[in-house]
Every structure is written in structure tokens, then in C-alpha cells.
Amino acid sequence: MALRWFCTRSLLHESFDYSLIDRIPGRQTDRKTLLGELNWIFTAVTDTIAWNVLPHDLFQRLFRQDLLVASLFRNFLLAERIMRSANCSPISYPMLPPTHQHHMWDAWDMAAEICLSQLPTLVDDPNAEFQPSPFFTEQLTAFEVWLDHGSENKKPPEQLPIVLQVLLSQCHRFRALVLLGRFLDMGPWAVELALSVGIFPYVLKLLQTTTPELRQILVFIWTKILALDKSCQVDLVKDGGHAYFIKFLDSVEAYPEQRAMAAFVLAVIVDGHRRGQETCIAANLIHVCLKHLQCSSPNEAQTEPLFLQWICLCLAKLWEDFLEAQQLGLQADAPAILAPLLSEPQPEVRAAAVFALGTALDVGFDTSRDGHGDEDCDDDEKNRAEASIIKNLLNVVSDGSPLVRAEVAVALSRFAFGHNKHLKSVAAAYWKPQSGSVLTSLPSFAIKGSGSGYTTPTHYMPHGSIVPSPIAPLLRVGNDSPSVARDGRVSTSSPLATSGIMHGSPLSDDSSLHSDSGAPNDCVSNGIHSTRRPLDNALYSQCVLAMCNLAKDPSPRVATLGRRVLAIIGIEQVVAKSVKPAGLNTRPGESITTASSSLAGLARSSSWFELNGGGHLPLTFRTPPVSPPRPSYLTGMRRVCSLEFRPHLMNSSDSGLADPLLASAGPSGVTERSLLPQSMIYNWSCGHFSKPLLTAMDDSEDIVARREEREKLALDHIVKCQHSSVSKLHNQIASWDTKFETGTKTALLQPFSPVVIASDENERIRVWNYEEATLLNSFSNHDYPDKGISKLCLVNEFDENLLLVASNDGNIRIWKDYTSKGKQKLVTAFPSIQGHRPGVRSVNAVVEWQQQSGYLFSSGEISSIMAWDLDKEQLVNTIPLPQDSSISALAVSQVHGGEFAAGFVDGYVRLYDIRTPEMLVSETQPHTQRVERVVGIGFQPGREPAKIVSASQAGNIQFLDMRNTKNTYLTIDAHRGSLTALAIHRHAPIIASGSAKQLIKVFNLEGDPLGTIRYYPTFMAQKIGSVSCLTFHPYQVLLAAGAADACVSIYADEISPPR
């Protein structure tokens, strides 16, 4: 009918024989014949008109639910076109908007004309070959043009239904799929549009094809669909689609980024879906995953972190609350295979491995199990496996990444749930109320000593470091934590009456000490009829310790999770009571609330994939994506804050990623389940696939331009500094009353803006613009009661810099947007000092940050220096110190990455280089007249690696060349017995020292005094406090000085005050 009407109106009508229309060769179902092609084009055109004109739900009802109804309404669209031309108005129910003038009818007319022009030849010569119409190729080109210029805010591409039709044809299929992949990558809105057209059954059917070139793009398309709509898992399993992805995951020729997508698809298939879990286990998915984790051992070239991360998440979801899969995993030695991943450089991989280990613990939520429970499972074997999992988890309980520690807390909560009674009795033994006894706060819990009879209270500390206890002689605690007193003595007469213990707060760190006593063995087993056989008591003790440490974590999210874990083992009452003194600001009973605290603080980019700006799938899907090289340090560090964590991914119903476990736990499991904190690494990682994967982020050009501009500015200033003939530096250009009650403890000048940042002993941070004399921001570093600031550092000073705040207890917090009032955000936080936590006395942490290497060095009154890689958020080195010596000052080289100097309490100065195997380069004890602590230390400006300036509390400043440690080549007696601060300019030949007697002296590198800055009494005749901190501007000759009276002054050279 359409053709007849068309012929009467086309240019063909004079030369065309109408009777030929009834003799069109071919079959309607065969698209390679003329009749089939015309029928196919007509279907595509009417579908397109309907999809573009009708509301989407009406389109679904009329054109996608029933083939007969769809055919009827296609004919109605044609009828409307023909009848309207004769001034008739066809009526339908439901009422449809007019479609007779839609421009797609012109495309139909043109395609019909091209096809019909071949008709006479085909009828005369049965052997003549039919030339397919260019209609579909042209429509795909139109779609491609839209992809180049379209966006979410523009009109959707009207060719989408045609792209769908083209999937039916082998010759256009590959191109159509690639274009469809590009479209879906534009965002969730694009996936929704494609699903509304009816893409789902088509791509589901394509999983039955074996064409190798379609595999990568099909996996990509399914990744995009499942990232939006998890409910497709049911149909995928029903049609056996999972097998396609398992096969792809197992194919070595596919690139790791694409295999990571297959692992993601499989993880969604099994996520909270018992049928999916069962079919994937039957298809041997556990062994496939474990095999690839074993392949990616460290000796091989770097494996794609995204692939490792998703294999772990896939395994975790596969055996989550599914006993049979957990048993299969344990039999296949999964914990031992996952354990090495806990030291991978990417925090996302470590967190995913922790999640996989945690879900392998049987909590008792498997609703499919029958009454007899786990009798069929070998109890001893299961206990051994659980013990090994817990030991592995305890090794990462003080990981540098809050993401990993949060997962450890969630995993420990599962363990606490399964072993509740045993842990409760251990916890009860920790806090037995014995009236009036000082010992009440000390846990009476045992760890079997492996040499001496009993051991002293100490902390659990992985890595076998030497751990100084606040109470007793030094102990060494190994991985399995049999702690042995170093000299084998049994120390029973430790001086216990110290302030921390007297308070007996379970969140003060003394509570996490354990001493040995045989008693708890009885109290654990007495009267407890658990189906579970208890594990080793020492392990329970370490778990309670770890939980206590997590409850005091510097990251608010991790601390909330830690308190909820303690609530599970019955410490909620104690926690609730002592929370106020511990500064955790919760009301009694609040420790069991759900962990809905948004993770806004934990801002970290969602995966390695976009961090490096590379690794993008090629648009053609033919060329291999190259794994990008490791980024230069600056870019690597900048990623710490490149993505704000979006809490809506966690539990929004429309994201398709709402927590499925509550639903799957069955009616009985829901109430118990809600007590358990939920992991977030899986939902958070899913967010990666919702974002565009094929296009690079385009904001990087501005960042690079700004960095280049700043580098040029810095170089100009450096040249000026090096050639400056500094005279006195006593021209005070600004003075700021910080209003700190306890005086200014530390200060910092920003490199590229007139801003000074200062903090007091109570960790109140204030940011001030010294040109405009305005306060920009003021905030508290944390709410815990143990206050004390150690250092302020700037991370990424050429980019949007971050403020690193180190507290006296060794906790590090990194802030962004700290110069905007009330806008500051905590990017990450971690305890940088391990093995000894503050309790009885502070560790007096000394911290220094080195931008070139990306290392943070931290030490203090402990027996080692910890070196952290902030890009990996990982402890990379522990450098042992001589016995009984502790560090009082640290300085890093600005020239040689990995090189740093340390000043000690006993007057020693040691030079270290983390790049060398022995690490200690040289040592000397320059401060000999009066042995006092080194107050300040720093590298001299210039490229010489070993020239150091060191100042002791006695008042003498020594210039050292660490290559020749026999003698110091220059000594200045600056302040007799009262030196409090030392600053050395990075580039200008100038040093400054501060004294408790309210004066600052400035010297050049030859030791000549350049001038003295005195604090004068104010007009109110107040006496001004001693100089507490000195700091130079990195690229200008400016000195900021903070005093005990809360005043911060900024001095410039009198000749050239800055702009």
C-alpha cells in the first residue's frame, strides 16, 4: 500500500509499470531480497517516527509488548499519512499525536525510490543481483555525526531505533555496536534512552553469537547497561548469558581493562542473586578468578589494577552469604591467594581484597542452608581458614588508606557477628569492674609468650617492628603476635599509676594493651554453648585491640564503623559512656546507629582507570589499549582529591545499586543484618563504570597551564633569591593576632598567594591573608581530646594544594579547600606512627613531607622512622633507629628525592637515603659542649646533597658536611641555652633562629649575623612570649614568625618588600 501510494506521487509514475509492485521478488523475512529490504526499512522508519513522537511509556506499550499490536500501529501511521493527504482524519485509541509530516517519511520515499528503480531489471532477469539500499549506512552516519556533537542537553538522536534494527543485519552489526557503545558511554541518561527503545532483547540474543570481533564491544555494552540497571541480572542468568562473560574473562588475548568489565558484569550477575551465584559456581567461576589472581603474581609485568580489583569484588559477591561458595573458596585456598593483594600499591585493590576476605567469613546469614548447619564442613579446617583470614586482616588494620581500613572494620564486624560470644567474653575480661583498683583498665587478657613465662602489656603491631610500650621495656611483636620481652625478663613491677591508666577510658590506648594471665581461658569456655568452636584466644585479643584502634581512627567514617564493631561485641555501653571524654560526640546508644555518615570526607578518585588519564578503550575496539605508565608524582598525588565521593551511589534506588543484601537475607536475617555495617567498596567501584570511559577528561589543560605558569613564577623567584644580597630582614610587613589561647605553635606561608596558615597546640587552624589583613578560614583539625600539633605541610604546591596537618600522636589529616570559610574537606586521614599509640605519654611525632618522592617521613619517641608513600597510601619502609634514641627534628632534601636528615634528642645528626639498601648514609654528634636535643635541622640551599645546618636547644648552630663527619666546619653560638626554632631558606643563602628571649637572629651561610629582630613590648607594656616557630616563604625572602603570645609576624628585606 505504501509503495502504491508512493508511486502515484513520485517522479517514477510516468515511466513505472504499477503491476510490477505485486511482482516484487523475494520474501518479507529475507532482508537480502528486495521485498525483505523494503519491509525492513518501512519497519525502521515507522519505529523511528513513533519513538520520536510518542511518550516513551506509550511507545513501549504499542510497539514493544506485542508484535500484532506493533504491526497494527505501524499501519496506522501509514494510514494517517495517506488519509491526511485526502483530508481525512483517522482516529485511534489511545489518541496519537499527528505524525504525517514527520521528515522520516522523506527518508522512506527516497529509499523506496532507490529500491523500486531496480525493480524492472530484477523482474526481467531472475539472475540479476539486488543492490542493497544505502538507507541504513546513511542513517548510521547521521547517528555518528550526532555522537560527535550531541550531549545530554541536546535533542536525543532520532536514529536510535534504526541502530537497533541494524543489529539484525550481519553486515552493519559491528559498526552499529561500536556506535551504540559510544552512545551508552555518554552517561546513564543514554543507557536509559537505549533501554527505552528496546535494546535489551537484541543485545541479550547477541550473546549467543560466537563472532570474536563482537566480544569486546558486547562486553562494554553490557557493562554500561548493568552499571545503570542491576535488575537485568535475572534475564542474563535465565538465558545463560553468564557463560559468555566467564569465557571472556578467561580469554588471555583480551586486554585486562576489558576483562575487568567482564568481571564487573559477573559481579553484578551474582550480587545478592542466589540463582546467579549457583549458576556461576556451576560454571567454575571461582577457579577462573583465582587462577588469574595467581597469574598476576609480582614477578609478572604490572597487572592492570582495575582487573585485580574487579576479580576480587567478583569473588566477594560470589560467596557473600552463600555457604557453599565460601567452602569451595576455602578449599581452593582463596585466603592464601588473596593475601598478597593486601600489599598492592593501589588502595582500591587492597580494599577489594579485604572485602573478598571479609565476605568469605561465614556469618550465618545463608538462608538456603538446612537445619543441620555446617556439620558437613570440617570444623577444624574452617577454623584454620578463618584464623588465617583474620591474621591477614589484622596486618592491614593500620593501612594508610581510609578506604582499606573501612573495609577491615566491616570485615571484622562480620567476624564479630560470627564469633560474638567468644569476643564478648574477651571484651568483658578487658573491662572487668574491680572497685578501686588501678588495674581495672588494663585488660587481663593473655597472649602466650613464646620464651618467657609472661609478657608485658604491649600493642599488637604487624611487620614485626620493635614496639616501645608506654609502661614496660621494649617488646618485639611478630605477625602471629607471640610477644616476647626483649631481654626475657618477666616484668611484673611496671609503674602503673600514670594518668592515662587512672582514667581507665576504654578508648584511651591503654585499654588496648594486653597482659598475660591464664584466667581468661576458663571465662571464654565457661557456660558458652556455641555451635562455633572458638579460635585461638590470642587472636580474639588482637581483634578486640584492632577494633579499639579503629574506633579511634583519625578518619571519621572509619571511627564510626569501628564503634559499631565494638557495639556488636557488647562494648556499646562502655563506649557510649566514655565517648564524651574521648571526644567522639555521640550520645549513649548512638553507637548502634546505621553507618549512614556520608563519605564526603573520603575523597579519592574512583579508580586507577581515570586517575592516569589513560587506559581508555579505543573507539574502534580494534587497537589494544596501552596500559599507561605510572604518572609523575605530582599528578599521582593530585588524584587524591580528584573525585568527591558521592554518597548517592550507595543507596539510591534509581542507581540500580541499592543494597541487595537486605533483601536477600530473608525475613529472619533482616533485623540481624541491619546491625552489620555495610561495605562500600563494591557500590563505590561500580560508579567507575557509570562514568564515560572512552573520552579523556577535558579539564586537564587548565590544570597543566596553571602549573606551568606557577613553575615559571617559582623559577623567576628562585633566581632572585639565589642572587639576593640580603641585609637585615627586619621590615615587618604584617602582624596578625591569631587569638590562639595557647599561642601559635606552627605556621606556614603559601607559595603563590599572600596567605599564612597557623595552628595552636589545640589543633585549631586559622588561615589569614596578610596583604588584605583578613581571616579566610578557621577550623578544628579534629574533635578528639588528645590535642597537640606537630607540623603543617603543603602537598602539591604547584597545583590546587592540600594542607597536611600532622598531630603529636602521629595522626595525619589532609584537607582541601581549606582557604574558603567553612568549605574545608577532609581528603584522607591515617595514623602514620604504628606500634606505639599515644596514651600514657605522647609520641611527640616529628613529620616531614617530600614532594619529589611523594614520601611522608614520620617518627618521634619511637624506635623507627616510618616512610609512607602518599600516592599508594601505604607504609613502604620502616627504618630502625639505634636503641634508646628518639628523633626531635626531621628535614627533607629539596633536591634529591628519598634523602632526609634527622636530629636526635641526644644531639646526634644522621643522614638517610631511602634509595640505598642500608638507608643510613652517615652520622655525627656535632652538639658536644652541652648535649641537648636538636631543635631544628635543614638542608642548606643549593645542589650539594650532604650540607646540613643543625641547631640544638643549647643555642649553638652547627654547619655540617655529612660526607666529612669528623668535624663541623662552622659553629655559631646564636642563643645561650634558649634556642627554640630554626628556619633555613630553600633557595636564598639565609637562616634564621628564634629564642625564648623574644628575639630572632638572621645569619648567612658563612655564619655572619645579618641582623636581629626584636619583639618589643606593646604599648600596653605587655611582655611578649618566646618565639615558637619560624618559617621562610619557599620562593621569596619572607620570614613568618609565631610567638607564644599568639602573634604571627611577617618580615621582608627592607630594600625590596614584596608586591
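Residues numbered from 1 in each chain as written. Predicted model: local features only at pLDDT ≥ 70, side-chain atom pairs only at ≥ 80, totals over all residues. Heavy atoms only, no water.

Asker: Looking at this model, I keep getting lost on the overall build of the chain. Mind explaining?
Answerer: Regarding its fold elements, the chain presents 36 helices and 31 strands. In the chain, which comprises 1059 residues, the share counted as buried stands at 60%. Counting contacts in the chain only where the partners sit at least 6 residues apart, residues at least 24 apart contribute 64% of the total. On the chain, roughly 42,500 Å² of surface is accessible, and the fraction owed to carbon and sulfur atoms is 53%. (Helix = DSSP H or I, 4+ residues; strand = E, 2+ residues; numbered from the N terminus. Buried < 20%, exposed > 50% of the residue type's maximum accessible area, 1.4 Å probe, protein only. Contact = heavy atoms within 4.5 Å. Areas by Shrake-Rupley, 256 points an atom, 1.4 Å probe, with all protein chains shown as cover.)

Asker: Help me out: how do you make sense of the side chain of aspartate 799 in this one?
Answerer: Here aspartate 799 shows up in the loop between β9 (789–795) and β10 (802–807). At 3.1 Å, the side chain of aspartate 799 and the side chain of arginine 707 are in polar contact. (Polar contact = N/O pair within 3.5 Å; in protein donor to acceptor, adjacent residues only side chain to side chain.)

Asker: Is there a simple way to explain the side chain of asparagine 811 in this structure?
Answerer: Looking at where asparagine 811 falls in the secondary structure, it is placed in strand β11 (residues 811–816). Classification of asparagine 811 as buried rests on a relative accessible area of 11%. Setting aside chain neighbours within four positions, we find asparagine 811 in contact with Pro554, Val805, Ala806, Phe830, Pro831 and Ser832.

Asker: I'm lost on the pairing of strand β15 (residues 864–869) in this one. Help?
Answerer: For a regular strand, side chains alternate in direction, first toward one face of the sheet and then toward the other. Of all 6 residues in β15, 6 are buried; the element is thus mostly enclosed. Neither face of β15 is left uncovered, since the one carrying Ser864, Met866 and Trp868 and the one carrying Ile865, Ala867 and Asp869 both have all their residues buried. In terms of strand pairing, strand β14 (residues 855–859) meets β15 through 4 bridges, oriented antiparallel. Residue pairing for β15: phenylalanine 857 is matched across the bridge by alanine 867. Adjacent in sequence and paired antiparallel, β14 and β15 are bridged by 4 residues, among which glycine 860 carries a positive phi angle near 150 degrees. Taken together, the 6 bridges between β15 and strand β16 (residues 874–880) define a ladder with antiparallel strand orientation. (Pairing = 2+ DSSP bridges.)

Asker: Would you mind going over the sheet that holds strand β5 (residues 744–749) with me for this structure?
Answerer: Note on sheets: strands pair through backbone hydrogen bonds, and any given pair is parallel or antiparallel. Strand order in the open sheet formed by 4 strands is β5-β6-β7-β8, and the pairing between neighbours is antiparallel. What marks the edges here is a single partner per strand, and that holds for β5 and β8 (774–780). Strand-to-strand, the axes of this sheet are offset by a mean angle of 20 degrees, without reference to chain direction. Bridge count between strand β7 (residues 764–769) and β8: 6 bridges; the pairing is antiparallel. Along β8, the bridge assignment pairs asparagine 769 with threonine 774. (Axes fitted to C-alpha atoms, helices over the stretch in contact; angles between N-to-C directions.)

Asker: Help me understand the confidence of the model for the chain in this model?
Answerer: Summarising the model, the chain shows a mean pLDDT of 77, and 74% of its residues fall at 70 or more. Low pLDDT (under 50) marks residues 1018–1023, which in the prediction has 3 contacts with non-local residues, meaning those over four places away or in another chain. Confidence drops under pLDDT 50 across residues 1055–1059; counting only partners more than four residues distant or on other chains, this segment forms 10 contacts. (pLDDT = per-residue confidence, 0-100.)

Asker: Explanation requested: the packing of aromatic side chains in the structure shown.
Answerer: Note on aromatic pairs: each is described by the distance of the centres and the angle between the planes. Applying the stated criterion across every chain yields a total of 27 aromatic pairs. With centroids separated by 5.5 Å and ring planes inclined at 70 degrees, the aromatic side chains of phenylalanine 42 and tryptophan 108 adopt a geometry described as edge-to-face. One end of the pair, phenylalanine 42, is in helix α2 (residues 34–53); the other, tryptophan 108, is in helix α5 (residues 104–116), with 66 residues separating them in the sequence. A connected cluster of aromatic rings, assembled from ring pairs, spans Phe59, Phe63, Phe73 and Phe76. (Phe/Tyr/Trp six-rings, centres within 6.5 Å; stacked < 30°, edge-to-face > 60°.)

Asker: Would you explain helix α36 (residues 700–722) in this entry?
Answerer: In an α-helix, one full turn covers 3.6 residues, which means residues spaced three or four apart are oriented alike. For α36, built from 23 residues, the straight-helix expectation of 33 Å at 1.5 Å per residue is met to within 8% by its first-to-last C-alpha distance of 33 Å. Residues Arg707, Ala714, His717, Ile718 and Cys721 constitute the buried set of α36. (Expected span 1.5 Å × (residues − 1).)

Asker: Would you mind showing me how to read the pattern of salt bridges here?
Answerer: When the charged atoms of two side chains with opposite charge come close together, those side chains can pair. Taken as a whole, this structure holds 27 salt bridges when the rule is applied. A salt bridge links aspartate 47 to arginine 74; the shortest N-O distance between them is 3.1 Å. Of this pair, aspartate 47 sits in helix α2 while arginine 74 is found in helix α4 (residues 67–85), placing the two residues 27 residues apart along the sequence. Pair check on accessibility: aspartate 47 and arginine 74 agree, each one buried. Where glutamate 797 meets arginine 986, a salt bridge forms, and the shortest distance between an N and an O atom there is 3.1 Å. Note that glutamate 797 is positioned in the loop between β9 and β10 and arginine 986 in the loop between β25 (979–984) and β26 (991–995), a separation of 189 residues in sequence. (Salt bridge = Lys/Arg side-chain N within 4 Å of Asp/Glu carboxyl O.)

Asker: Looking at this model, I keep getting lost on the sheet that holds strand β29 (residues 1027–1032). Mind explaining?
Answerer: Spatially, 4 strands are ordered β4-β31-β30-β29 in an open sheet, and the strand pairing comes out antiparallel. Either end of the sheet is taken by a strand with one partner, and the two such strands are β4 (731–737) and β29. Between one strand axis and the next, the sheet turns by 20 degrees as a mean value, whatever way the strands run. Two strands pair when backbone bridges link them, and β29 and strand β30 (residues 1038–1043) are joined in this way by 5 bridges, in the antiparallel orientation. Note that in β30 the partner of leucine 1030 across the bridge is alanine 1041.

Asker: How do you make sense of the environment of histidine 172 when you look at a structure like this?
Answerer: Examined against the element boundaries, histidine 172 turns out to sit in helix α9 (residues 170–184). Considered as a pair, histidine 172 and phenylalanine 136 are 36 residues apart in the sequence and their alpha carbons are 8.1 Å apart. Sequence-distant contacts of histidine 172, defined by excluding residues within four places in its chain, comprise Phe136, Thr137, Leu140 and Val166.

Asker: Would you take a moment to explain the environment of glutamate 771 for this structure?
Answerer: With respect to the helices, strands and loops of the structure, glutamate 771 is situated in the loop between β7 and β8. For glutamate 771, a relative accessible area of 48% puts it in the partly exposed group. Separated by 16 residues in sequence, glutamate 771 and valine 755 place their C-alpha atoms 8.0 Å apart.

Asker: I tried to follow unusual backbone geometry on my own but got confused; where do I start?
Answerer: Generally, phi is negative for residues other than glycine and the peptide bonds are trans, each holding for most cases. With an omega of 0 degrees, the peptide bond running from tyrosine 93 to proline 94 counts as cis. Among the secondary structure elements, proline 94 is positioned in the loop between α4 and α5. Within the chain, asparagine 284 stands out as a residue other than glycine whose phi angle is a positive 70 degrees. With a phi close to 55 degrees, glutamate 873 is a non-glycine residue in the positive phi region. If you trace the backbone, glutamate 873 turns up in the loop between β15 and β16. On the basis of relative accessible area, glutamate 873 is assigned to the buried category, the value being 6%.

Asker: Looking at this structure, I do not really get the packing of α4 against α5. What am I missing?
Answerer: Closest axis-to-axis distance for the α4/α5 pair is 13 Å, and the angle between their directions is 90 degrees. Judged on the interaxial angle alone, α5 and α4 are roughly perpendicular. Contacts between α4 and α5 pair Leu77, Leu78 and Arg81 from the former with Trp105, Trp108 and Asp109 from the latter. (Parallel < 35°, antiparallel > 145°, perpendicular 65-115°, else oblique.)

Asker: Please clarify how the pairing of β30 should be interpreted in this entry.
Answerer: The element β30 is extensively covered by neighbouring structure, given that 6 of its 6 residues are classed as buried. Neither face of β30 is open: one carries Leu1038, Ala1040 and Gly1042, the other Leu1039, Ala1041 and Ala1043, and all of them are buried. In textbook terms, the turn of a hairpin is the stretch between consecutive antiparallel strands, and for β29 and β30 this stretch comprises 5 residues. Both β30 and strand β31 (residues 1047–1052) contribute to a ladder of 5 bridges, which runs antiparallel. Across the sheet, alanine 1041 pairs through a bridge with serine 1049, a residue of β31. Here β30 folds back onto β31 in antiparallel fashion, the turn holding 3 residues, of which alanine 1046 has a positive phi close to 75 degrees.

Asker: Is there a simple way to think about the environment of leucine 970 in this case?
Answerer: Relative to the assigned elements, leucine 970 resides in strand β24 (residues 970–973). Expressed as a C-alpha distance, the spacing of leucine 970 and phenylalanine 959, which sit 11 residues apart in the sequence, is 5.1 Å. Residues within four places of leucine 970 in sequence aside, it is in contact with Ile957, Gln958, Phe959, Leu1005, Glu1006 and Gly1007.

Asker: Just checking my understanding: could you explain the packing of helix α10 (residues 188–197) against helix α12 (residues 215–228) for this structure?
Answerer: The relative placement of two packed helices comes down to the angle between their axes together with the axis-to-axis distance. For the pair α10 and α12, interaxial distance at closest approach is 9 Å and the crossing angle is 100 degrees. Our classification of the angle between α10 and α12 gives roughly perpendicular. Contacts between α10 and α12 involve Pro188, Val191, Glu192 and Leu195 from the first element and Lys224, Ile225 and Leu228 from the second. Residue classes in the contact of α10 with α12 are distributed as 5 nonpolar, no polar and 2 charged. (Nonpolar A, V, L, I, M, F, W, Y, C, P; charged D, E, K, R; others polar.)

Asker: Would you mind showing me how to read α12 here?
Answerer: The end-to-end C-alpha distance of α12 is 20 Å, a good match for the 20 Å that 14 residues give at a rise of 1.5 Å each. With 14 of its 14 residues buried, α12 lies for the most part within the structure.

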